[in-house]
Amino acid sequence: MSELSVNHLLGIKYLNSQDIQLIFETADHFKEVINRPIKKVPSLRDITIANLFFENSTRTRLSFELAEKRLSADVINFSAAQSSVKKGETLIDTVNNILSMKVDMVVMRHPNPGAGVFLSKHVNASIVNAGDGAHEHPTQALLDSYSIRERLGSVEGKNVVIVGDILHSRVALSNIFALQLQGANVMVCGPKTLLPKYIDKLGVKVETDLRKALNWCDVANMLRVQNERMDISYFPSTREYTQQYGVNKALLDSLDKEITIMHPGPINRGVEITSDVADSKQAIILDQVQNGVAVRMAVIYLLASKIKH
Amino acid sequence: MSQKVLLNAKEVNIILHRLACQLIENHNNFTDTVLIGIQPRGKYLAQRLAKMLQDEYHVEQLHLGFLDITFFRDDFRRGDKTLEANSTEINFLVEGKNVVFIDDVLYTGRSIRAALTAIQSFGRPKEIELLTLIDRRFSRHLPIQPTYSGRQVDAINKEKVMVNWQENEGEDSVYLIEKEVSG
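Throughout this document, residue positions are counted from 1 along each chain, in the order its sequence is written. Chains and ligands are labelled sequentially in the order written, the chains with letters from A and the ligands with numbers from 1. Selection of residues for local features in this predicted model requires a pLDDT of at least 70, selection of side-chain atom pairs for listing and counting requires 80 or more, and totals for whole chains, interfaces and linings are taken over all residues.

A. Quick look at the overall build of chain A. Helix and strand definitions here come from DSSP, where helices need a minimum of 4 consecutive H or I residues and strands a minimum of 2 consecutive E residues; each element is numbered from the N-terminal end. Each helix and strand in chain A was counted, giving 11 helices and nine strands. For a compact globule the rule gives 2.2 Å times the number of residues to the power 0.38, and the radius of gyration it is set against comes from C-alpha atoms. For a compact globule of 309 residues, the expected C-alpha radius of gyration is about 19 Å, and chain A comes in at 19 Å, within 12% of that figure. If you line up chain A on its principal axes, its C-alpha atoms span 55 × 45 × 35 Å. In chain A, buried positions account for 47% of the 309 residues. Any residue whose C-beta has 12 or fewer other C-beta atoms within 10 Å is treated as exposed, any with 20 or more as buried, and any in between as partly exposed, C-beta atoms being built from the backbone.

Spelled out as structure tokens, the structure:
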């Protein structure tokens, strides 16, 4: 098994556990590469990648761009704010125009769920989903699992709770799929208004009491409250949310065991986690960011190797 | 598939001793020298030589590393399969050092070409030499020659040279295998 079962990374839903294993083993090698004095390999020197961001992003876009450059790919960047999308061009037209300039791979973030799947059916390029609305964010889930594997040795059998705004979170959905594929037990925790109605159908535990959830878990993945996606009020006030679902040092210290804290960023310090937690040894937030580059290098390398001459 | 023994265990052992002595002749006490096994198969030869230099020739300070060249190869996307990487284990800089690349078989020279690029990630070596157990002459695609060679072999392209090691395959030996032509 040395090849991915897919030609695009549209979501974790389309992967199998061997794919994840292969991505992680490849990422191990790239993690070694990015810690060298010279952090670059020439593998993808004849590949051109377009990063299309129809939605704002800092970390993911930088991480992808760095991953591509570390692999020696040529990179072009596009963000919707400065583009012809504003002039009424359709998604397929925009992408086909870019592809006619001989682009091999497209990394796309888009506000509409399913945008990546749609594109993969209509254009001739390898597509990497860098987040499609509230649907999936596969590379984030992969780097989260990779970071758990790095910290705890494996993902299998671990109890992982995803805390916060599950309803608007593509990170939550991709993480649920990825963790389950690797044999972890998954729980979601948050105010009822931010938990999707039938989330238990995915085979996850549902909990509304944060203390109970933290006592159960080995790893807590704290999500950001996505105010920009909330059209109505889902909880009375940020202060009340923090009191019920924010993690602080006193709460962590009162648990029977030391759990690992993750956060996909950007952090709202003092809302979902306090600064002393975010900066503590239990938090692996910056490891996640470093691993993000290695994991994205692995994904791009493995997909690029399936693009035939 | 037919195969023929090129070297048996005794012959491999004699050659390893000769190569070790040639290294000592050129590198004295190895203070400014590092041995780099080229992954995957050069690793075993490098480990064997390093052990011999330490145990039998009492070389005290020996730097040994393993270099994976997968991401530096020139045939990415040209074969049917994804190129699978191995680990690189170099915990020192090669800046200003005499580097000895160690690989079991030198064939087209493309692996060594990739290794010459890959090693630059760890500094600028003073000099790079190449040690190979088997040198398949007349098969080179690039102007690359070994500094130290165990045995020169004239094999045709449909033949494959296979190097076995005690620790993996149960015996030290080198075979020349004639590959079946499919179809």
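Here the narrative resumes.
B. Main features of unusual backbone geometry. For the peptide bond that leads from Gly265 of chain A to Pro266 of chain A, omega is -5 degrees, which places it in the cis range. A cis amide bond, omega 0 degrees, links Gln39 of chain B with the succeeding residue Pro40 of chain B. Along the chain, Pro40 of chain B falls in the loop between strand S2 (33–38) and helix H2 (42–55). Although it is not a glycine, Asn28 of chain B adopts a positive phi angle of roughly 55 degrees. By the secondary structure assignment, Asn28 of chain B is in the loop between helix H1 (9–27) and S2. The backbone phi angle of Phe138 of chain B is positive, close to 65 degrees, even though this residue is not glycine. Along the chain, the position of Phe138 of chain B falls in the loop between strand S5 (127–136) and strand S6 (148–153).

C. Just the packing of H1 of chain B against H2 of chain B, in detail. All names here are of chain B. Fitted lines through C-alpha atoms serve as axes, helices being fitted only where they are in contact, and the angles separating the N-to-C directions of these axes extend from 0 to 180 degrees. Between H1 and H2, the shortest axis-to-axis distance is 10 Å and the interhelical angle comes to 70 degrees. Classified by the angle their axes make, H1 and H2 are roughly perpendicular. Handedness of the H1/H2 crossing: right-handed. On the side of H1, the interface is formed by Leu16, Leu19, Ala20 and Leu23, while H2 contributes Arg48, Leu49, Met52 and Leu53. Residues that form the contact of H1 with H2 fall into these classes: seven nonpolar, no polar and one charged. Angular relationships are summarised with four words: roughly parallel below 35 degrees, roughly antiparallel beyond 145, roughly perpendicular across 65 to 115, and oblique for the angles in between. Crossing chirality is assigned from the near helix's rotation relative to the far helix, an anticlockwise turn below a right angle marking it left-handed and a clockwise turn marking it right-handed. With C-beta atoms placed from the backbone, a contact is any residue pair whose C-beta atoms sit within 7 Å. Amino acids are sorted into nonpolar (Ala, Val, Leu, Ile, Met, Phe, Trp, Tyr, Cys and Pro), charged (Asp, Glu, Lys and Arg) and polar (every other residue, Gly among them).

D. Seen up close, the domain arrangement of chain A. All names here are of chain A. Domain start and stop positions are those given by an automatic or database domain assignment. Examined at the domain level, chain A breaks down into domain 1 (12–136 + 291–304) and domain 2 (138–288). Taking the mean C-alpha position of each, domain 1 and domain 2 sit 25 Å from one another. The interface of domain 1 with domain 2 comprises 21 residues on the first partner and 22 residues on the second. Broken down by class, the residue content of the side of domain 1 that touches domain 2 amounts to nine nonpolar, seven polar and five charged.

E. Region of the structure containing helix H1 (residues 17–33) of chain A. Residue and element names in this part refer to chain A. In this scheme, a helix's expected span is set at 1.5 Å multiplied by one less than its residue total. For H1, spanning 17 residues, the distance from its first C-alpha to its last is 25 Å, which sits close to the expected 24 Å at 1.5 Å a residue. Buried residues of H1: Asp19, Ile20, Leu22, Ile23, Phe24, Thr26, Ala27, His29, Phe30 and Val33, and no others. Here the buried face of H1 lies against helix H5 (138–152), helix H6 (170–181) and helix H11 (285–304).

F. Structural detail: the interface of chain A and chain B. On the chain B side, the residues contacting the 17 residues of chain A number 19 residues. Sort the elements by how many residues they give to the side of chain A that touches chain B and H1 of chain A lands first, with four residues.

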